[in-house]
Amino acid sequence: PMAILDALAAAKGFTDTERTLAAYVLTHADEVVRMRLATLAKESHTSNATVVRLCKKVGSAGYSEFRVDLSQDMERRRNNVSRIDANAPILENQGAPVIMSSIATLTREAINDCYAFVQNESIERAAELISGARHVITYAIGDTYLTTEAFSNLMAKIGITCISAFNNADVTTMTNIAHPDDVGLFVSYSGNLAYDLGLQRDALRRRHCKTIVVTANDELAGGVAGFDCAVLVPCRESTNGREKVATFYSQTCMRYVLECIYGVVFAQSYQSSKRHKTLAEHVRN
């Protein structure tokens, strides 16, 4: 398919309104990759329906995918390189030099995609909720469980306790004993968790707990609007494990976002965070 920027410039089959929108996107591409759909419609003097229609005409499934596609096309042109297949960055009979280069490139692409795609406000909101929490109850499985545990370790060093819902008891039990000052942190790239995510989220909310989700799936469990904070990451890797050789891209995205949340929490209480971290590292050593 034609690259997004080329398709916008060609404007093949566009209406006059769509041409106006395409011209705006081409002129403000760096800002558009961070804009919500309604914001783009307002700034370009068009409508939500026009934006969605244009996204589909240039080959994207929807607006979220369009922002990722646009970001990727811009980054590819800046670096004049081909994109690595996130599902198959390793091919049969490749040697160490090629594999090292592919994984290094894919890691850079994942971080650049996240930096262009993830909303600053969502990172700040997640950090705000976590900073004010008594405990953070984490919900994550598989590779993302390990990524989330690394985040929990970082948070522990600055005095914030994260408790895995899977390490301590039955998941439902952990949810049902949550305190109103606790925060539920759901981390799932695909949104395909091995338990009823919506059920756990709703149970936490009935206990007056705030909830955060970090995911690439903006339709999970009836929509991310059901959470107090949703941090959406780019969806470039398949959610079907049989189609990929590893989870380099998705876990780089999740790790980057969680470390950004940690960074904002640290900065909000900088001196206190430094004292906690120094003490934690002194005790450990």
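One can find the structure itself at the top, above this paragraph.
It is worth spelling out the overall build of the chain at this point. Helix and strand content of the chain: 14 helices and five strands. For the C-alpha atoms alone, the extent of the chain along its principal axes is close to 60 × 50 × 40 Å. With 285 residues in all, the chain has 47% of them scored as buried. Sequence separation of 24 or more characterises 71% of the internal contacts of the chain that already satisfy a separation of 6 or more. When the accessible surface of the chain is split by element, carbon and sulfur atoms take 51% of a total near 14100 Å². Side chains of the chain carry 30 positive and 31 negative charges; the gap between the two charge centres is 3 Å.

Looking at the element boundaries, Gly184 is found in strand β3 (residues 183–187). What makes Gly184 buried here is its relative accessible area of 0%. As for Gly184 and Asp228, which are separated by 44 residues in sequence, their C-alpha atoms are 9.9 Å apart. Excluding its chain neighbours within four sequence positions, the residues that come into contact with Gly184 are Ile137, Tyr139, Leu204, Lys210, Thr211 and Ile212.

This part covers the sheet that holds strand β5 (residues 229–232). Taken together, five strands build an open sheet; the order of strands is β2-β1-β3-β4-β5 and the sheet is parallel. Two strands lie at the open edges of the sheet, namely β2 (162–164) and β5, each paired on one side alone. Within the sheet, the average angular offset between the axes of one strand and its neighbour, ignoring direction, is 20°. Examined bridge by bridge, strand β1 (residues 136–139) and β3 share four bridges and lie parallel to one another.

Bringing the packing of aromatic side chains into the picture now. On inspection of all chains with the given rule, the structure shows five aromatic pairs. Judged by centre distance (5.5 Å) and plane angle (70°), the rings of Phe186 and Phe227 are edge-to-face. Of the two residues, Phe186 sits in strand β3 while Phe227 sits in the loop between β4 (210–215) and β5, which places them 41 residues apart along the sequence. Residue classification places Phe227 among the buried positions, given a relative accessible area of 6%. Here Phe266 and Tyr270 contribute two aromatic rings whose centre-to-centre distance is 5.4 Å and whose plane-to-plane angle is 70°, an arrangement assigned as edge-to-face. Residue Tyr270 is classed as partly exposed on the basis of its relative accessible area, which comes to 43%. The ring of Tyr115 has Arg34 sitting right over it, with the charged end atom 4.7 Å from the ring centre. In this arrangement the basic side chain of Arg201 is found over the ring face of Phe227, its NZ or CZ atom lying 4.9 Å from the centre.

Its identity as a non-glycine residue notwithstanding, His45 has a phi of 60°, on the positive side. Note that His45 resides in the loop between α4 (37–43) and α5 (48–57). Residue classification places His45 among the exposed residues on the basis of a relative accessible area of 73%. Even without glycine at this site, Asn93 takes up a positive phi of about 70°. Structurally, the position occupied by Asn93 is in the loop between α6 (63–79) and α7 (96–117). Among the residues examined, Asn93 registers a relative accessible area of 74% and is labelled exposed.

Scoring rules and cut-offs
- Residues numbered from 1 in each chain as written.
- Predicted model: local features only at pLDDT ≥ 70, side-chain atom pairs only at ≥ 80, totals over all residues.
- Heavy atoms only, no water.
- Helix = DSSP H or I, 4+ residues; strand = E, 2+ residues; numbered from the N terminus.
- Buried < 20%, exposed > 50% of the residue type's maximum accessible area, 1.4 Å probe, protein only.
- Contact = heavy atoms within 4.5 Å.
- Areas by Shrake-Rupley, 256 points an atom, 1.4 Å probe, with all protein chains shown as cover.
- Lys, Arg positive; Asp, Glu negative; His and termini not counted.
- Charge placed at Lys NZ, Arg CZ, Asp CG, Glu CD.
- Pairing = 2+ DSSP bridges.
- Axes fitted to C-alpha atoms, helices over the stretch in contact; angles between N-to-C directions.
- Phe/Tyr/Trp six-rings, centres within 6.5 Å; stacked < 30°, edge-to-face > 60°.
- Lys NZ or Arg CZ within 6 Å of the ring centre and 35° of its normal.

Keep in mind that these numbers describe shape and distance, not what the molecule does.
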